[in-house]
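Take a look at the letters that make up each chain.
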Amino acid sequence: MKNDINQEITFRKLSVFMTFMIKGNIARTAEALELSSVSVHRALHTLEGGIGCSLFVHKGRNLVPTPAAWTLLEYTRDVMGLMTRGLEKTRKVAGLYPGRLRIGTLYSLTLETVPRIIMGMKLRCPALELDLTMGSNLTLVNMLEDEVLDAILISVNQDEFDAAQFDVVPLFQDDVFLAASASEKLLNAEPADLRDYANRKFISLTEGFATHAGFQEAFNIAGFEPQIVTKVNDIFSLLNLVQAGVGFSLIPGRMRKVYEKDVQLLTLKAPYQMRQHISIVYLHRRESDPDLLALAAEGRMYARSIIS
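Below is a summary of the structure that appears in this document. These numbers were taken from a predicted model, which means no experiment stands behind them.

Things to note about the overall build of the protein
And then number 1: Each helix and strand counted, the protein has 10 helices and 11 strands in total.
And then number 2: If one aligns the C-alpha atoms of the protein with their principal axes, the spans along those axes are about 85 × 40 × 30 Å.
And then number 3: Within the protein, contacts between residues separated by at least 24 positions form 73% of all contacts whose residues are at least 6 apart in sequence.
And then number 4: Of the accessible surface of the protein, which amounts to about 17,300 Å², a share of 52% is contributed by carbon and sulfur atoms.

Digging into the side chain of D291
And then number 1: The residue D291 is located in helix α10 (residues 290–307) in this model.
And then number 2: An unpaired buried charge is present at D291: no salt bridge exists, and R286, the closest side chain of opposite charge, is 6.3 Å distant.
And then number 3: Excluding residues that lie within four positions of it along the chain, D291 makes contacts with G99, L101, M121 and L128.

Comments concerning helix α1 (residues 11–23)
And then number 1: The end-to-end C-alpha distance of α1 is 18 Å, a good match for the 18 Å that 13 residues give at a rise of 1.5 Å each.
And then number 2: Buried within α1 are the following residues: K13, L14, V16, F17, M18, T19, F20 and M21.
And then number 3: Immediately downstream of α1, the backbone of G24 shows phi near 90°, a positive value.

What about the pattern of salt bridges?
And then number 1: Applying the stated criterion across every chain, the model contains 14 salt bridges.
And then number 2: R286 is the salt-bridge partner of D150, the closest N and O atoms lying 2.7 Å from each other. With D150 in the loop between α6 (137–145) and β5 (151–155) and R286 in the loop between β11 (275–283) and α10, the pair connects residues that are 136 residues apart, well separated along the chain. The exposure classification of D150 matches that of R286, with both residues buried.
And then number 3: In this structure, the salt-bridge partner of D289 is R286, at a minimum N-O distance of 2.8 Å.
And then number 4: Using a relative accessible area of 9% as the deciding quantity, one classes D289 as buried.
And then number 5: One salt-bridge network, in which partners are shared between bridges, spans R102, D150, R286 and D289.

How each quantity is defined
Residues numbered from 1 in each chain as written. Predicted model: local features only at pLDDT ≥ 70, side-chain atom pairs only at ≥ 80, totals over all residues. Heavy atoms only, no water. Helix = DSSP H or I, 4+ residues; strand = E, 2+ residues; numbered from the N terminus. Contact = heavy atoms within 4.5 Å. Areas by Shrake-Rupley, 256 points an atom, 1.4 Å probe, with all protein chains shown as cover. Buried < 20%, exposed > 50% of the residue type's maximum accessible area, 1.4 Å probe, protein only. Lys, Arg positive; Asp, Glu negative; His and termini not counted. Salt bridge = Lys/Arg side-chain N within 4 Å of Asp/Glu carboxyl O. Expected span 1.5 Å × (residues − 1).

Spelled out as structure tokens, the structure:
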């Protein structure tokens, strides 16, 4: 069977056409779709060329729909609705869940970052369900690659993620500090030299956490193996042990607000200073997913609020 649908007729142009028919002029259509007026005009003009008939007549500076345009609108609504349902069914069969976004996060980001982003997402997409999973950097990356999660909020190293496979939305940067109990009497002023603490006991996160990797790197630079009393699986347990005086540790500065009365945070001396780069990460092939686009937009808003 011959396909007589011209290649100039695309879903994107039909979407522009539908919006124009609702808004009534190019300027409002451009604003609604976050496009330039030139792009809207071009889409409508090339759509007419693809169909092979005029959809609008000029009256002054305005485009007025012809009866042909109203006929096309009727069928466009049917086609767009059918395709939307088809995409939803396709994603469901593929293991994706329209209307639900599965987000993974580091424990430490649940203090401020994740709640603010979730609140923003609920304003953008009130009907969207958000599932939250907490874990280590390594666990969350593996879950994203296995498509158990749709997006993750983690600490990202430079060039860690291939741009052809992943999209990365930077949120903020965070320095790592030496943490000690508030009751601990420290002899040395800031900045702290880890070598002065070679005989002290330490608490560490288990392998796979971003802070654990920085912990190992810092002590490699210091040139000694720390006396680790215990390893724990979340940063809140770690800080509770530090607060109780069980040992020292290295933690990101974002934990300061909650524990500022119970835990001292000392700036590290230059050779040991580390900075975590917190970002949203999701699969590049899902870059057009409206829920992930909303999450990315909310992440960029959060990033701008941190800078300002």
